[in-house]
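Structural features, examined
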Amino acid sequence: MCGIVTAISTADIVPVLLEGLRKLEYRGYDSAGLAIVSNGRLARLRAAGRVAELAALAEREHASARIGIAHTRWATHGVPSERNAHPHISGGLAVVHNGIIENFEAIKSALQARGYVFESDTDTEAIAHLIHSKLAAGADLFEAVRLATNELHGAYAIAVLAEAEPERAVVARSGAPLLLGVGEHGMYAASDTAALLQVTRQVIYLEDGDVAELRLASHRIVRPDGSSVEREIHLSSLSADAVELGQFRHYMQKEIFEQPQALAQTLEIITGGGSVAPQLFGARALEVLGGVQRVLVLACGTSYHAGLVARYWLESVAKVPCSVEIASEYRYRDSVPDPDTLVVVISQSGETADTLAALKHAIAQGMQRTLAICNVPESAIVREASLRFITRAGPEIGVASTKAFTTQLAALALLTLTLAKLAGRLPEEQEARHLQNLRHLPVAVQKVLELEPEIERWAQRFAAKQHALFLGRGRHWPIAMEGALKLKEISYIHAEAYAAGELKHGPLALVDRDMPVIAVAPADELLEKLKSNLQEVRARGGELYVFADAGSEIPESEGVHILHMPEHYGMLSPVLHVVPLQLLSYHAALVKGTDVDKPRNLAKSVTVE
Ligand code: HGA
């Protein structure tokens with residue numbers, strides 16, 4: 001969600017800032033801006049649109065400098081507009097900010113009383129004036145930022161530049177991601193590594209509360225009390241290719257097609273062995289997982305749907321009671337803490353503010369057994385949890401999550417087997433069979449991807465519709481929910497998902513010939529029940545689009561379109577069945593001409609509450 005790039009170098013940094021922002025575009029944003037100090041003067045450029053517009057503006061203005069800060073904004077306080085776009089300025093000082101300052105109104109009133117005039121509706125501008133007030137009181141830039149951040153409540157990653165001190169930039173973070181890049185020709189900072197691969201692979205992950213100074217050939221980090229701290233330099237293994245589009249039209253399409261490889265990488269850990277080892281989840285796995293009586297999954301959006309699938313697996317295979325809760329609800333309700341519950345948090349980015357807060361809330365309540373399932377190793381959620389499983393999906397750029405979801409399911413399947421084994425409920429031959437199915441998963445997904453041309457034809461018909469209903473039963477109900485979410489997110493077609501048995505209790509009233517009904521219908525124990533539900537739809541004139549599989553035996557007829565998935569896949573069938581729903585949404589969005597990778601109003605890693 002929005003992004004920051006900062007650079008100080010011996011060469012012109014404007015191209016670096018703009019390229020960095022392009023690499024952060026996937027996080028979602030509505031406006032962009034930058035500030036540089038050039039020939040001793042602070043200059044600011046802002047565009048209430050895409051980074052391309054900012055780049056055109058920079059070219060028209062012949063912007064060039066050795067130091068600068070840049071930003072993509074996803075508005076939280078004040079409408080998206082040039083006036084509210086970052087950087088915000090106070091005197092000769094410019095600030096960019098990701099996050100939300102919860103006490104900005106109090107800070108603003110105090111500063112207004114001292115004569116500061118606010119030009120935007122953002123919370124960020126309060127940071128700019130607050131830092132300025134510290135400078136005016138005699139602090140230098142580094143100290144002023146440290147003192148100001150001590151007064152901020154909420155989440156922030158900031159970068160600050162001052163006309164009077166053109167030899168350094170200062171950055172700080174708490175609750176929003178920010179890392180430093182140590183380059184050959186300068187020092188950099190950004191919201192994620194992808195923005196910096198153009199100049200360096202050497203990165204330093206800042207911790208909450210860190211304030212860092214970037215100079216041409218050095219950096220310094222202090223804690224909120226001013227004490228110095230050293231942070232390790234990591235060599236990023238992220239490849240530049242991983243964030244290139246290559247032959248694909250969109251990142252979402254690329255990521256859908258990367259799923260076999262993403263699953264293979266995630267499951268590489270079990271390719272050699274004939275059994276699951278708890279240590280897959282971290283060094284303390286035996287101590288944390290041993291004696292677990294229940295599982296509580298906390299997540300948001302697509303990750304929440306992964307948790308809902310896992311509930312079926314955990315209760316049927318491991319016989320461990322499981323509840324799944326939306327992270328933003330859990331953190332604000334009174335719940336009954338249970339120290340023997342394993343709290344599983346799921347997040348692609350590992351920075352999802354609601355999920356991180358829910359995890360902290362669970363820990364504060366005495367729930368010490370925690371596991372993070374994330375796609376980003378050094379993320380805040382991974383650092384907070386006692387166990388971690390890193391999905392190896394590679395960077396996910398498209399806002400609508402695809403490969404992160406299927407690899408989360410792979411991780412949750414491994415968790416299910418591990419807990420079943422620890423509880424003595426996984427006979428050896430069953431374990432071997434499950435592992436074999438998991439290893440075969442990449443190939444099975446590959447075969448599903450071959451159905452794309454047929455799904456594309458379905459999507460042509462869909463794109464003209466205003467609404468759609470998704471149906472599933474059992475462990476495929478969450479897959480129907482995920483299918484509806486994908487369609488909403490990128491094609492803006494209103495879609496709802498129901499457990500098919502619920503149809504007659506209300507939503508059947510919506511069914512007519514203008515309401516396509518998509519059914520996830522593998523040949524499982526609930527198929528016959530589902531078939532009856534489909535008859536109910538057909539009898540009301542609803543047009544059915546059915547994703548069946550080998551053995552489903554649903555005949556094609558007038559108003560009933562069937563697509564057969566290549567094979568039936570038992571417990572892991574949800575992993576296969578979500579893939580055609582991803583493709584359906586993608587192609588419906590293409591027909592509608594929406595911005596597939598950056599759907600309106602949405603952002604990638606949701607680092608604000
Ligand atoms: N609160 C600031 C920054 C927004 C942000 O971080 N979005 O992700 C604003 O509204 O400008």
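Residues numbered from 1 in each chain as written. Predicted model: local features only at pLDDT ≥ 70, side-chain atom pairs only at ≥ 80, totals over all residues. Heavy atoms only, no water.

Examining the overall build of the chain
Helices and strands together make up the secondary structure of the chain, namely 18 helices and 24 strands. For the chain, whose C-alpha radius of gyration is 25 Å, the value lies close to the compact-globule estimate of 25 Å for 609 residues. Dimensions along the principal axes, computed over C-alpha positions, put the chain at roughly 75 × 55 × 45 Å. Out of the 609 residues in the chain, the part that is buried amounts to 60%. If you take every contact in the chain between residues at least 6 apart in sequence, the share linking residues at least 24 apart comes to 73%. A total accessible area of about 22,800 Å² is found for the chain, and carbon and sulfur atoms account for 49% of it. Averaging the positions of the 58 positive and the 72 negative side-chain charges in the chain gives two centres separated by 1 Å. (Helix = DSSP H or I, 4+ residues; strand = E, 2+ residues; numbered from the N terminus. Rg over C-alpha atoms; globule rule 2.2 N^0.38 Å. Buried < 20%, exposed > 50% of the residue type's maximum accessible area, 1.4 Å probe, protein only. Contact = heavy atoms within 4.5 Å. Areas by Shrake-Rupley, 256 points an atom, 1.4 Å probe, with all protein chains shown as cover. Lys, Arg positive; Asp, Glu negative; His and termini not counted. Charge placed at Lys NZ, Arg CZ, Asp CG, Glu CD.)

Quick notes on the site of the ligand
Within the structure, the ligand sits among 14 residues, and Cys2, Arg73, Trp74, Thr76 and Gly99 are positioned closest to it. In the environment of the ligand, an oxygen atom lies 3.0 Å from a nitrogen or oxygen atom belonging to the backbone of histidine 77. Here an oxygen atom of the ligand and a backbone polar atom of glycine 99 are 2.5 Å apart. Relative to its unbound accessible area of 310 Å², the ligand is 100% covered by the protein chains. At three residues, strand β6 (residues 93-101) tops the list of elements feeding residues into the shell around the ligand. Within the shell around the ligand, the residues separate by chemical class into four nonpolar, eight polar and two charged. (Near = heavy atom within 4 Å. Polar contact = N/O pair within 3.5 Å; in protein donor to acceptor, adjacent residues only side chain to side chain. Nonpolar A, V, L, I, M, F, W, Y, C, P; charged D, E, K, R; others polar.)

Observations regarding the nonpolar core
Counting 89 residues, the largest nonpolar core has Phe281, Leu342, Val344, Leu438 and Phe470 as its most contacted members. Among the elements that make up this core, the one with the highest residue count is helix α13 (residues 403-422) (eleven residues). Setting aside chain neighbours within four positions, we find valine 344 in contact with Val295, Leu296, Val297, Leu298, Leu371, Ile373, Leu412 and Leu415. Counting residues in hydrophobic clusters, the runner-up holds 29 residues, among them Leu18, Ile36, Ala65 and Val203. (Core = buried A, V, L, I, M, F, W, Y, C linked by side-chain atoms within 4.5 Å.)

What to know about the packing of helix α14 (residues 428-449) against helix α18 (residues 573-592)
Following both chains from N to C, one finds α14 and α18 inclined at 30°, their axes separated by 9 Å at the closest point. The angle between α14 and α18 places the two elements in the roughly parallel class. Helix-helix and strand crossings are classified by hand; for α14 and α18 the assignment is right-handed. Where α14 approaches α18, its residues Leu441, Ala444, Val445, Val448 and Leu449 are matched on the opposing element by Val575, Leu576, Val579, Pro580 and Leu583. Here the contact of α14 with α18 is built from residues that sort into ten nonpolar, no polar and no charged. (Axes fitted to C-alpha atoms, helices over the stretch in contact; angles between N-to-C directions. Parallel < 35°, antiparallel > 145°, perpendicular 65-115°, else oblique. Left-handed = near helix turned anticlockwise from the far one by under 90°.)

With respect to the sheet that holds strand β15 (residues 294-299)
If you walk across this open sheet you meet the five strands as β16-β15-β17-β18-β19, and the pairing is parallel. The open sheet is flanked by β16 (322-326) and β19 (387-390), the only strands paired with a single partner. Within this sheet the neighbouring strands show an average axis-to-axis angle of 20°, counted without direction. Relative to strand β17 (residues 341-347), β15 runs parallel, the two being bridged by six bridges. Pairing of alanine 299 across the sheet is with isoleucine 346, part of β17. Packed onto the sheet, helix α9 (residues 301-318) meets β15, β16 and β17 and runs at close to 170° relative to β16. (Pairing = 2+ DSSP bridges.)

On their own, these measurements won't tell you what the molecule is for.
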